[in-house]
Structure formats: structure tokens, C-alpha cells
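# Reading the structure
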Amino acid sequence: MPHIRVESFNFHEKLPLQSGEVSFLWYARNMEHLNDGLLGVAVDNIPFLLQVKPKNKELLLKAEKISRPSPNTLIKRALQEYLNITGQKPSYSNIANVDNVPLKKPLPSLKEIATFNADDLPDKEVWIEIGFGSGRHLLYQAKENQNVHLIGLEIHRPSLEQVMRRIDLEGLDNVWVIDYDARLFMELLPSNRIERIFVHFPVPWDKKPHRRVISDTFMNEAMRVLKPGGRLELRTDSDNYFHYSMEVFTRPKHVKLTLEKNSEAAVKSKYEERWLRYEKDIYEIRVESLEESEPKSIDVCFDFPQNIGISSLFKQKPKSAWIENGCFAHIERFYAINENDGLIRLSLGSFDRPEHKFILIENGKMKYYPHNPVRTETNHKAHQIILKWMQACKM
Ligand SMILES: C[S@@+](CC[C@H](N)C(=O)[O-])C[C@H]1O[C@@H](n2cnc3c(N)ncnc32)[C@H](O)[C@@H]1O
């Protein structure tokens, strides 16, 4: 991870300042550990934080974890520009001179979950693949069905990045890839919008069934988002997962099940190929939704009250996390830019998929930083808990 070590840090008097595509915005001091702080920067309009931390009588500057941008060139650029402006010689640096390295633009197929909005979907059929792994099936379907828009979900970042590069190389513009848990992603989709959902060779999680993709909650959400006539397709080599899924799939009414054993797939995924080499049976279950689902309004809002300063909030720092209705919110640290402005570091949402964020208070206004939490109901409930605390601080 790019970082530098310097003797001192007295940059804050100079802020804000801009140098080429790098903006240094403000410095926020940890209100409990005064030598520790966060430098707000933006490179090519991408905002993030550099952490300034004492280390062996020196100061370490590196990207702060929650807001860390990708690619690393952005961080290196900010650190390099800091050295250029201050004229400081670092006692240690692992950034080569990056002045002439062009900034890599994020590839267009990558959709950030924080800014995902189903209204942005093209006016086309939409197919979803959950856990696409090496991406063979996803790429095959995208190439064969240019009139369809595909969304691939994958939580293993290296697989996602590899597939993203293939999408770019092959010039496909009908695929989005998203690095997020498919089970929660369903919540962000409107009812009756999706034609097909593929779940091919999901991890069976025999010892930790709560981690399985298929569950009653997932099934209800999948049937809600599928159009009547749309279908969910599961392929698995696991007898156990097959029987378990059959139980889940047969619970709701108004679905049509089709079962096949060892049917030929349109394209063999990496896992399918492996299990065929081991001469395992492959089960396919197709679940067709037969009825229109109730519309779902995704009424999630992450607004904040105005004119509450960081000092008032710090005075009423909660002693522990709040846990309510299956969600939580935990206020962790306070950083002051001045008497009123500052940052609060917090975690919130569901226990399975907590979100780590900052709240930025600037000129009397508050917002989540660097982005809003994902627009799930659980995150919305956790946000309401934070609002209650803020209202109490105002009184
Ligand atoms: C056994 S691999 C199968 C990959 C691919 N479908 C194939 O057939 O070759 C399962 C994949 O699902 C991904 N995965 C597991 N749980 C997931 C979830 N909740 N949301 C999205 N992806 C998930 C894993 O990271 C892994 O890449």
C-alpha cells in the first residue's frame, strides 16, 4: 500500500489548495488522539482521505481504509503532490515518481454498489448471474444476447477484476459487474423487472448453511423481482444442496419447477468442467415465477439535519453501539476540522454486511462520506437510529 514517512506535518495552515488534478481540502484532527488526523483530498475529482499517524517519532501518511480509492495511482499522486508542495524529503517512501503515469479510468462495466440505482438500467431484458467466478457463463451470455443487459454479482474481488478486464477487451457494453453480496442486492431491485437469474455451482456451505445464497428470504426476493414467466436457474453438483434447494423452492405457491439431471449447459463454467471431470452428477432446477408481485417502493433516504456542529455531537458521544430491530449503529471516532466542521467515523447496518463510513460535516451540512450506504432497508433503519441521537444532541 502506498505510503510515505515524514518528520513533521504542518500543512493545515495552507489549506485548501489545488495543484493540477490534486486538491487538498482540509485537515481533520482526531478529537481524542490529537496527533492523529485525516487529510481530505480529491484526485481527478475522486474524494478520499489520507491518514496522518505518528510512527516512531515520525509521521506516516497513507490512504485511510474506508475511503481508499482504486487504482493505487490516485493515492500515489496525492502523496507525491504533498511532497512536491511541501518540499519535504521523506525518510521512507514506496511511491515511485508517478507524475507522468496517466490516471487509469475505472472500467465502465464496474458499477459501484453505493451508487447503484435500478432506474439507470437500460430499457432491455435484464438477466442476473450470482457468483460468476471465472465469468465464462456471464461473458458467453453477454456475447450471445446483445439485446439483453446482464448484471454479474461476485464477492471475490480478484475474479471480478479479471472478468471486468475481459469485458473491456471484448468491447461488451451490455454487462455490469458488481462487488456485492447477491442476497442483499435483490433488495435494490423493483418488482417484476428481471427475466432470468442464474446461480451456477454456488458454494454448498454444508457446515455454515446461513452463508448459502439460496434461502427462503432469497427465494421470496428472487420471485418478487422476476417477471411472471421469468426464471431462476440453479445448477449444482452437490446432492445435499440440491435437496436443500428443492425444499426451499417448493415452499412458495405460484411457481413452476423443472428438474433435469446431467443436462448439457449452454457453456461449461469452470466449476462445471471440474465436476464433470470427477464424473459427478449435475442437477439443474428451474423455478419459474407465475404471478405478478406487489410493487415495492424503495423509500430509502439518507438525509441529515442541518446546523449541528461536530463539538455538540462529540459532547454526547455514545458509550456503546445501538442494536435495534436486527440492525446496529456504532459511532467510533470524531475528527474536527474546526469548531463546527468535522468527520465522524461509524459502522452501521446489518451484522452480516456492516458498512463502514464517515459522516462529513461541512458548512452546516452533513452527508455520508465518501458515499451514502447501500440503499437497503437495514441501512435505512440504522440511519434512523443515528438521526434520533443527533436530534437529542441538538436539544
Ligand atoms: C463455486 S464458485 C462458482 C463460480 C462459477 N459460477 C462457476 O460455475 O464456475 C461460487 C462463486 O460464488 C461467489 N459467491 C459466494 N457467495 C456469494 C454471494 N453471496 N454473492 C455473490 N457472489 C457470491 C464466490 O465468490 C465464488 O466465486
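Residues numbered from 1 in each chain as written. Predicted model: local features only at pLDDT ≥ 70, side-chain atom pairs only at ≥ 80, totals over all residues. Heavy atoms only, no water.

Heads up, the condition is: UniProt positions are given in the numbering used here, feature names are shortened, and annotations may be inferred rather than shown by experiment.
As recorded in an unreviewed UniProt entry, the protein goes by the name tRNA (guanine-N(7)-)-methyltransferase, listed as coming from Hydrogenimonas thermophila. Quoted verbatim from the Catalytic activity (unreviewed entry) field of UniProt, the annotation for the protein is "guanosine(46) in tRNA + S-adenosyl-L-methionine = N(7)-methylguanosine(46) in tRNA + S-adenosyl-L-homocysteine". Turning to the protein, the UniProt annotation filed under Pathway (unreviewed entry) states: "tRNA modification; N(7)-methylguanine-tRNA biosynthesis."

### Topic: the sheet that holds strand β13 (residues 255-261)
For the record, the criterion: For two strands to be treated as a pair, DSSP must find no fewer than two bridges joining them. Elements are defined by DSSP. Helices are runs of H or I of four residues or more, strands are runs of E of two residues or more, and each kind is numbered from the N terminus. Helix axes are fitted only over the stretch in contact, all axes being lines through C-alpha atoms; the angle between N-to-C directions runs from 0 to 180 degrees.
The 7 strands lie next to each other as β10-β9-β8-β11-β12-β14-β13, forming an open sheet whose pairing is mixed. Edge strands, defined here as strands with exactly one partner in the open sheet, are β10 (175-178) and β13. Averaged over all pairs of adjacent strands, the angle between their axes in this sheet comes to 15°, without regard to strand direction. Summarising the sheet, strand β8 (residues 125-130) and strand β11 (residues 194-200) pair through 4 bridges and their orientation is parallel. Within β11, the residue paired with E129 across the bridge is F198.

### Section: the site of the ligand
Threshold: Whether a residue is near a molecule or strand depends on its heavy atoms: if one lies within 4 Å, it is near. Whenever a nitrogen or oxygen atom comes within 3.5 Å of another N or O atom, the pair is scored as a polar contact, on the condition that within protein one atom can donate a hydrogen and the other can accept it, and that pairs from neighbouring residues in sequence are kept only if both atoms are in side chains. Buriedness for pockets is judged along seven lines, at least five of which must meet protein on both sides within 12 Å for an open set on the 1 Å grid over protein atoms alone, while cavities are sets there where a 1.4 Å probe fits but cannot get out, and lining residues have an atom within 4 Å of a point. Assignment of a molecule to a cavity or pocket requires that more than half of its atoms lie within 2 Å of the corresponding grid points. Here the nonpolar group is Ala, Val, Leu, Ile, Met, Phe, Trp, Tyr, Cys and Pro; Asp, Glu, Lys and Arg are the charged ones; every other residue, Gly included, is treated as polar.
Close to the ligand lie 17 residues; G131, E154, D181, H200 and S269 are nearest. A182 is positioned with one of its backbone polar atoms (N or O) 2.9 Å from a nitrogen atom of the ligand. Measuring from an oxygen atom of the ligand, one finds a side-chain N or O atom of S269 at 2.6 Å. With respect to the detected pockets, the ligand is housed in the second largest pocket. Its residues assigned to classes, the shell around the ligand shows 8 nonpolar, 5 polar and 4 charged.

### A look at the packing of aromatic side chains
The condition that has to hold: Stacked, edge-to-face and tilted are the three classes for Phe, Tyr and Trp ring pairs, Trp counted by its six-membered ring, which pair at centre distances within 6.5 Å; planes under 30 degrees apart are stacked, over 60 edge-to-face, the rest tilted. Per-residue accessibility, obtained with a 1.4 Å probe over protein chains only, is compared with the maximum for each type, and a residue is labelled buried under 20%, exposed over 50%, and partly exposed between these values. Think of it as a cone above the ring: NZ of Lys or CZ of Arg counts as a charge over the ring if it is within 6 Å of the ring centre and within 35 degrees of the ring normal.
In total, this model carries 20 aromatic pairs according to the counting rule given. Taking the centre distance of 5.8 Å and the plane angle of 20° together, the rings of F9 and Y82 count as stacked. With F9 in the loop between β1 (3-6) and β2 (17-19) and Y82 in helix α1 (residues 73-86), this pair connects stretches of sequence that are 73 residues apart. Relative accessible area serves as the criterion here: at 11%, F9 is assigned to the buried category. With a centroid separation of 6.4 Å and an interplanar angle of 50°, the aromatic rings of Y271 and W275 are classed as tilted. Pair noted here: Y271 and W275 are both in helix α7 (residues 270-277), with a separation of 4 residues, about one helical turn. What makes W275 buried here is its relative accessible area of 17%. Within the aromatic cluster, the residues linked to one another by ring pairs are F9, F11, F24, Y27 and Y82. Directly above the aromatic system of W176 lies the positively charged group of K111, at a separation of 4.5 Å from the ring centroid.

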